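One-letter residues, chain by chain:
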Amino acid sequence: MNYALLDQAVRFIQQTWPEAHPSTALICGSGWSSVVEAFDLHGSLSYEDIPGLGKPGVAGHAGELSWGTLHGVETFIFQGRRHYYEGVGWTPIALPVYAAKKCGVQTVVLTNSAGCIREDLSPGDLLVVRDHFNFMGANPLIGDHKPCWGPRFPDQTYVYTETLREKLVAAGKDTGIDLSQGAYLAAAGPSYESPFEIQAFKKWGADAVGMSTVPEAILASAAGMNVACVSCMTNYAAGIGGQALSHEEVTHTTQATMPRMKGLLENFWKRLG
Ligand code: HPA
């Protein structure tokens, strides 16, 4: 992790928006970027202008940091994330979490798209993440210990804040979305999983599978922030639906689910206020 670059990014954001005091950060997965439309915006920055962040390498990731307010909750909205499979290290993945912490954020909300494994889930469903499996074969905290990430060996028992999960479920009820909670498994990617891998993950208790989010959740929790995560089921995981997987299907389902995701997050923000 390049801390000189991370600190440069924080300085850049704070110098550009000296009056920003966000309590909350939203880090959007592919296709989730238009949730930004719900916010009253005060400014936007291109990822390419933020030191250490750079353009997301994936179609569907907008690559903008917006600063806005919704229901009185001042929020940094990171529209698009960087991934471990891009092979450029942890710095751009950690940057939104690091910058959020340094700018005073207490709550980090993560969104992603995922393949569904659990039998009662199907594409278009939304899942509140209760716990995760880190199956990336890597951890963003490997390396010199930095006190900003809390103790050397951070506990993983309470990564996803219970009160936030309850608020998400309640927001779902209000917006007509039946939300269940479950476990998200992060694989490194970029190849999708094989059907046999999915069968093994299912036996372990994984409900959904993706290639992101867990590093940010580990970091945000280690830094002492509250963490919530909503996953959009975009496809049946490999071997479950009997058809080949494609990124087109993932982006198409996310777009089709967008009005419900927007309604859910808007109602959730009301509860954060
Ligand atoms: N596997 C991994 N990542 C994903 C999937 C999947 O099935 N769907 C969306 N992102």
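Details of the structure are given in the entry above.
Residues numbered from 1 in each chain as written. Predicted model: local features only at pLDDT ≥ 70, side-chain atom pairs only at ≥ 80, totals over all residues. Heavy atoms only, no water.

1. Section: the pattern of salt bridges
Using the criterion set out here, one finds seven salt bridges in the structure. Among the salt bridges present, the one from Lys 202 reaches Glu 119, with a minimum N-O distance of 2.5 Å. With Lys 202 in helix H4 (residues 195–204) and Glu 119 in the loop between strand E5 (107–116) and strand E6 (126–135), this pair connects stretches of sequence that are 83 residues apart. Here Arg 271 makes a salt bridge to Asp 174, at a shortest N to O gap of 2.8 Å. (Salt bridge = Lys/Arg side-chain N within 4 Å of Asp/Glu carboxyl O. Helix = DSSP H or I, 4+ residues; strand = E, 2+ residues; numbered from the N terminus.)

2. Brief notes about unusual backbone geometry
The omega angle of the peptide bond from Gly 189 to Pro 190 is 0 degrees, so this bond is cis rather than trans. Among the structural elements, Pro 190 can be located in the loop between strand E7 (180–187) and H4. The backbone of His 71 sits at a positive phi, close to 50 degrees, despite the residue not being glycine. Within the secondary structure, His 71 sits in the loop between strand E3 (64–70) and strand E4 (73–79). Of note, Thr 213 is a non-glycine position whose phi angle comes to about 75 degrees, a positive value. Inspection of the secondary structure puts Thr 213 in the loop between strand E8 (208–210) and helix H5 (214–222).

3. Side note on the site of the ligand
Residues in close proximity to the ligand include Ser 113, Ala 114, Gly 115, Tyr 192, Glu 193, Val 209, Gly 210, Met 211, Thr 234, Asn 235, Leu 245 and Val 250, which together make up its full environment. Within the backbone of Ser 113, one N or O atom sits 3.5 Å away from a nitrogen atom of the ligand. A distance of 3.3 Å is found between a nitrogen atom of the ligand and a backbone nitrogen or oxygen belonging to Gly 115. If the ligand stood free it would expose 260 Å²; the protein chains cover 95% of that surface. Listing elements by their share of the shell around the ligand, those giving two or more residues are E5, E8 and strand E9 (226–236). (Near = heavy atom within 4 Å. Polar contact = N/O pair within 3.5 Å; in protein donor to acceptor, adjacent residues only side chain to side chain. Areas by Shrake-Rupley, 256 points an atom, 1.4 Å probe, with all protein chains shown as cover.)

4. Concerning the packing of aromatic side chains
A full pass over the atoms with the stated rule returns eleven aromatic pairs. Taken together, a centroid distance of 6.0 Å and an interplanar angle of 65 degrees make the contact between Tyr 3 and Tyr 98 edge-to-face. Pair noted here: Tyr 3 is in helix H1 (residues 3–16) and Tyr 98 is in helix H2 (residues 91–102), with a separation of 95 residues, a long-range link. In this pair, the class of Tyr 3 matches that of Tyr 98, namely buried. Pairing Trp 17 with Trp 67 gives two aromatic rings, centres 5.4 Å apart and planes at 35 degrees, and the pair type is tilted. (Phe/Tyr/Trp six-rings, centres within 6.5 Å; stacked < 30°, edge-to-face > 60°. Buried < 20%, exposed > 50% of the residue type's maximum accessible area, 1.4 Å probe, protein only.)

5. Comments concerning the pairing of E6
Walk down a regular strand and you will see the side chains alternate between the two sheet faces. Taken together, the three bridges between E6 and E9 define a ladder with antiparallel strand orientation. Bridged to Val 128 within E9 is Val 230. As defined by bridge partners, E6 adjoins E7 across eight bridges and the pair is classed as parallel. Within the sheet, the bridge partner assigned to His 132 lies in E7 and is Tyr 184. (Pairing = 2+ DSSP bridges.)

6. Some words on the packing of helix H3 (residues 162–174) against helix H6 (residues 247–272)
Between two packed helices, what matters for the description is the angle formed by their axes and the separation of those axes. The geometry of H3 relative to H6 is characterised by a closest axis approach of 8 Å and an angle of 130 degrees between their N-to-C directions. Taken together, H3 and H6 sit at an angle that is classed as oblique. H3 and H6 meet at a crossing whose hand is right-handed. Counted together, Leu 164, Lys 167, Leu 168, Ala 170, Ala 171, Gly 172 and Asp 174 of H3 and Leu 264, Asn 267, Phe 268, Arg 271 and Leu 272 of H6 form the full contact between these two elements. Partitioning the contact of H3 with H6 into residue classes produces seven nonpolar, two polar and three charged. (Axes fitted to C-alpha atoms, helices over the stretch in contact; angles between N-to-C directions. Parallel < 35°, antiparallel > 145°, perpendicular 65-115°, else oblique. Left-handed = near helix turned anticlockwise from the far one by under 90°. Contact = heavy atoms within 4.5 Å. Nonpolar A, V, L, I, M, F, W, Y, C, P; charged D, E, K, R; others polar.)

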